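Understanding the architecture of this molecule
Read off the chains here:
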Amino acid sequence: MSKSPVRRLVERGIEAGADYIPDVVEGPLRSVMNMPSLTVPKKKAPKQKPLAAKPAAKPLAAKPAAAEKKAVKKAPKPKAKPIVKGIANPIHEVALEFGSDIARRLEGMIPADAPLAEWRVAAQRLSGSDTPNVNTKAPSPYSVRPADVATDPRIENRKGELGKIANLKVELAPRITDPAPEVSIFDYEGYPYITSMSDLAAAGDDITAINDVRFRVPFSRRGGQDYMFDNPGSVWASERGPAERHVELADQLQQMTGKDVLYMPWTMGPKAVKFSHMPRGIQYSYADAAMGGADRNALAAGIKEILPNWRGFEDPDSAEMFMTVTGKARGALNSLMDKYRNRGGLGEGEAIYAATDLDQMNTPLTTLRNVGIIDPRFGASPSSHASYNYSIPGRGVGRLKENIGALGLSPDVMAALKYETPFDFPVGVQPGTKSPLRAMQMKPQGGVLDYKTLRFLESLLEKDKK
């Protein structure tokens, strides 16, 4: 078996800490995500044996020459399509059109299966009224110092930046005040599940200031793990291919079991947040508010070299363009913004800390944190997340109270690998060792929380107590 270029890149260290995927790998990796596997077998041409002549045999058609074979192009593989067409996900559509806050206030007020038109009418009334949300109190801004909660040298270890990290202060205005309810995995025996990776980006609030710099426009933190609690009608967001594969798998599991399909994302490494738009967007908002004069003009000129259609900090469309850029331009902008960290801007490490949910900082890699339910009736649909343009339909349910690693859902895999805990896998490239982490990263994993699996999880939790 030969290895594809992407697989070789993976083995050079993409899986290290399940961190962000470097920009030089993003294109081929996105392409390979639409392929069934990372291995490309070498096909050997079968040896042709002379055929014995038969009186009634029909003459065999001549095989095309090698040159002719090369000229023949295979038909392109059709892209995956949503499971269901023509069915709108009402709460998700309302969230896109009227905002997540309005959609969240309508939850429980309008039947989930009510027509979209009914949801829109209710949203229009609510958005045009002063009726408070009776389920929540008015959010109060607060400040947090990341260094007082948790730090990680993998995020920032440059000597000149450590002092800045120690003094970093982020002011937040919550959009969600009700904490996610606590749930137990043992309440879901017999339920099918899907798990895949999710970064540590925070959700449910807006950054209004950093240090003494107040943002001209608050910056929304969108998740991350808690995306499912901040985006009504959706449990996860990604590129279209991965999103649709999640929905397809959910549809199969639901048909197989007749039950709702749980979605339980596992936590990634601390630098995975860098893949999203949020650190770069926070640097942009900070520069817009803090920088002036020659430095501001020089930064603006640098942005325009990378994004020729960018029209300045004051232009809302240009801000959106800056947030949603992908590929090489994204990497170039990340580098550019960091270069201005000592010229009135914010450093990359500061921005990553500001984007991160600090409660997850010390969470072991592949920990299961949240439980949602995927509703495959609606198919994958466009997302409002600036980094990931397609969403998986469903809703957030709660926060797991048990400390469980994703590999704990696969007792047979752990037994075959002789792991004592779900966190025993090697991280990074280690010659002579194989890690299940790679397979977990490359596609969603699914199964059923049967009796055997839950008893195995119980045994793991009992070991933790000793």
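Located above this text is the structure these notes cover.
A few points on the structure. (Residues numbered from 1 in each chain as written. Predicted model: local features only at pLDDT ≥ 70, side-chain atom pairs only at ≥ 80, totals over all residues. Heavy atoms only, no water.)

1. As for the packing of aromatic side chains
- A complete count under the given rule lists 6 aromatic pairs for this structure.
- The interplanar angle of 20° and the centroid separation of 6.2 Å between the aromatic rings of F275 and Y388 together place this pair among those described as stacked. On the criterion of sequence distance, the pair formed by F275 in the loop between β12 (266–267) and α11 (278–290) and Y388 in the loop between β14 (381–382) and β15 (390–405) is long-range, its members being 113 residues apart.
- A relative accessible area of 15% means that F275 is categorised as buried.
- In this structure Y388 comes out as buried when scored by relative accessible area, which is 13%.
- Aromatic ring contacts, followed pair by pair, group Y284, W310, F313 and F322 into a single cluster.
- Note that R330 overlies the ring of F275, its terminal NZ or CZ placed 4.4 Å from the centroid.
- One Lys or Arg, R455, reaches over the ring of Y451 and ends 4.7 Å from the middle of that ring. (Phe/Tyr/Trp six-rings, centres within 6.5 Å; stacked < 30°, edge-to-face > 60°. Helix = DSSP H or I, 4+ residues; strand = E, 2+ residues; numbered from the N terminus. Buried < 20%, exposed > 50% of the residue type's maximum accessible area, 1.4 Å probe, protein only. Lys NZ or Arg CZ within 6 Å of the ring centre and 35° of its normal.)

2. Focus: the nonpolar core
- Of all hydrophobic cores here, the largest spans 44 residues; its most connected members are I207, I210, I282, L299 and I303.
- Elements with a minimum of two residues in this core: β4 (170–174), β8 (203–210), β9 (213–222), α11, α12 (293–306), α13 (316–324), α14 (327–339) and α15 (348–355).
- Residues in contact with I282, not counting those within four places in the same chain, are I207, I210, F215, F219, L346, A351, A354 and A355.
- Core analysis: the second largest hydrophobic core is formed by 29 residues, Y193, V371, I404 and L409 among them. (Core = buried A, V, L, I, M, F, W, Y, C linked by side-chain atoms within 4.5 Å. Contact = heavy atoms within 4.5 Å.)

3. Concerning the side chain of S285
- Within the secondary structure, S285 sits in helix α11.
- Among the residues examined, S285 registers a relative accessible area of 11% and is labelled buried.
- Residues within four places of S285 in sequence aside, it is in contact with F215, V217 and F219.

4. A short note on the sheet that holds β4
- Strand order in this open sheet of 4 strands is β3-β4-β8-β9, and the pairing throughout is antiparallel. Pairing within the sheet leaves two strands with one partner each, and these edge strands are β3 (142–144) and β9. Strand after strand, the sheet turns through a mean of 35° between neighbouring axes, direction not considered.
- Pairing of β4 with β8, which is carried by 5 bridges, proceeds in the antiparallel orientation. Bridge assignment links A173 to a residue of β8, and that residue is D206.
- Of the strands in this sheet, β8 and β9 touch α11, which is tilted by about 165° from β9. (Pairing = 2+ DSSP bridges. Axes fitted to C-alpha atoms, helices over the stretch in contact; angles between N-to-C directions.)

5. Describing the environment of S238
- The residue S238 is located in strand β10 (residues 234–238) in this model.
- Here the alpha-carbon distance between S238 and P382, two residues 144 residues apart in the chain, equals 9.8 Å.
- Ignoring sequence-local partners within four residues, the contact set of S238 consists of A243, Y388, N389 and Y390.

6. Digging into unusual backbone geometry
- With an omega of -10°, the peptide bond between G223 and G224 qualifies as cis.
- Positive phi, close to 80°, is recorded for T366, a residue that is not glycine.
- Within the element layout of this structure, T366 appears in the loop between α15 and β13 (367–374).
- A relative accessible area of 0% means that T366 is categorised as buried.

7. Some details on the pairing of β15
- Pairing geometry for strand β5 (residues 182–183) and β15, over 2 bridges, is parallel. When the sheet's bridge partners are listed, V183 is paired in β15 with L400.
- Sheet topology note: the β10/β15 ladder contains 4 bridges and is antiparallel. Across the sheet, residue S234 finds its bridge partner in β15, namely P393.
- Two strands pair when backbone bridges link them, and β13 and β15 are joined in this way by 7 bridges, in the antiparallel orientation. The residue bridging L368 from the neighbouring strand is I404, located in β15.
- One ladder, built from 2 bridges, connects β14 with β15; its direction is antiparallel. Across the sheet, P382 pairs through a bridge with Y390, a residue of β15.

8. Thoughts on the packing of α11 against α14
- Close contact between α11 and α14 brings their axes to 10 Å; oriented N to C, the two are set at 45°. When the axes of α11 and α14 are compared, the pair comes out oblique. Read as a crossing pair, α11 and α14 show a hand that is left-handed. Of the residues in α14, those in contact with R280, Q283, Y284 and A287 of α11 are R330, L333, N334, M337 and D338.
- By residue class, the composition of the contact of α11 with α14 is 4 nonpolar, 2 polar and 3 charged. (Parallel < 35°, antiparallel > 145°, perpendicular 65-115°, else oblique. Left-handed = near helix turned anticlockwise from the far one by under 90°. Nonpolar A, V, L, I, M, F, W, Y, C, P; charged D, E, K, R; others polar.)

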